[in-house]
Amino acid sequence: MSAPLRLGVNIDHVATIRNARGGDHPDPVRAAEIVAAVGGDGITAHLREDRRHIRDADLERIQAATDLPLNLEMAATEEMLAIALAHRPHAACIVPEKREERTTEGGLDAAGLHNTLAPIVWKLRDNGIRVSLFIEAHERQLEAAGQLGVPVVEFHTGEYAHAGLDGDGKREQREIERIAAMSKLAREMGIEPHAGHGLTYENVTPIAAIPELAELNIGHYLVGEAVFVGLEAAVRRMRELMDEARA
Ligand code: PXP
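Worth saying up front: this structure is predicted, and the values here are computed from it rather than measured.

Chemist: Sorry, what's going on with the nonpolar core here?
Modeler: Burial of nonpolar side chains together is a common tendency in soluble globular proteins. Core analysis: the largest hydrophobic core is formed by 71 residues, its most contacted members being Ile94, Leu124, Leu133, Phe155, Ile207, Leu216 and Met238. At seven residues, the largest contribution of residues to this core is made by helix α11 (residues 231-246). With residues near it in sequence (within four places) discarded, Leu216 still touches Leu5, Arg6, Leu7, Gly8, Ala195, Leu199, Val204, Ile207, Ala208 and Met242.

Chemist: Which parts of the structure should I look at to understand the packing of aromatic side chains?
Modeler: In this structure the tally under the stated criterion is one aromatic pair. For the pair Tyr201 and Tyr221, a centre-to-centre distance of 4.9 Å together with 75° between the ring planes defines the contact as edge-to-face. On the criterion of sequence distance, the pair formed by Tyr201 in the loop between β7 (192-196) and α9 (204-208) and Tyr221 in helix α10 (residues 220-229) is long-range, its members being 20 residues apart.

Chemist: Quick question: what am I supposed to make of the environment of Leu185 here?
Modeler: Take Leu185: it is sitting in helix α8 (residues 169-188). Separated by 43 residues in the primary sequence, Leu185 and Leu142 place their C-alpha atoms 8.4 Å from one another.

Chemist: Would you take a moment to explain helix α6 (residues 139-148) for this structure?
Modeler: The periodicity of an α-helix, 3.6 residues per turn, causes residues three or four places apart in sequence to face the same way. Taken together, the buried positions of α6 are occupied by Gln141, Leu142, Ala144, Ala145 and Leu148. Viewed end-on, α6 has its buried residues packed into an arc of 160°, placing them on one side of the element. In α6, the exposed positions angled more than 90 degrees off the buried face are occupied by Arg140 and Gln147. Buried residues along α6 sit in contact with α5 (114-126), β5 (130-135), β6 (152-156) and α8. Gly149 lies just past α6 and shows a positive phi near 75°.

About the cut-offs
- Residues numbered from 1 in each chain as written.
- Predicted model: local features only at pLDDT ≥ 70, side-chain atom pairs only at ≥ 80, totals over all residues.
- Heavy atoms only, no water.
- Core = buried A, V, L, I, M, F, W, Y, C linked by side-chain atoms within 4.5 Å.
- Buried < 20%, exposed > 50% of the residue type's maximum accessible area, 1.4 Å probe, protein only.
- Helix = DSSP H or I, 4+ residues; strand = E, 2+ residues; numbered from the N terminus.
- Contact = heavy atoms within 4.5 Å.
- Phe/Tyr/Trp six-rings, centres within 6.5 Å; stacked < 30°, edge-to-face > 60°.
- Arc of directions from axis to C-beta.

Honestly, that's just the spatial picture; any functional story needs more than this.
See the structure below:
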């Protein structure tokens, strides 16, 4: 099988740049509008506990500005649950969150956190929000996601991206095989697999070529590239690479 592959653009770091000066430029809403105009399939935004990039008011403005589905990345906390229920995004991706980390450093321990996650997953689901869990591509985590009844998992591709940066081809290959195998298993379990983190023009092709994956969420690299070529061109190029990988 080969599912169509959607591109969700994570616009957090447009807000990072905005917040560096405390004003309202560059506006992540304008980024969302550009992503919509250029044929992106969704907007992803992570409302962190410390609001270091996206802020509460951004969510409402993003939802008002485009018809693209919003994928809200959120920690499994009561505060974030209340915000998700108030905003009703199309999807919510539950991610692990540590205040001191620079970015989401690993997958969620869905197996170890079953009792914390279960009521949050159920409340989101009962309110019509498509829940996904950001996990490592490990069978134990996938099984735990299955037990929680989520329709979607997003596999953390950070280890794959790091292996590439380290020039460790063997580790990179192992990671691809692991993500491919877990994507296949997810489909067999009736779960839709997504992937993201650390994806770039240089490393996206082998991931995009995994036929079971339905969505990639990409942020930091696209916003960085947008500084040089503009967001529209950056998203277009990523889309082309993904399409070529699937062709
Ligand atoms: N998917 C999830 C669940 C994430 O937490 C992140 C990073 O916030 C991404 C995708 C995008 O990662 P990157 O910014 O490295 O492309």
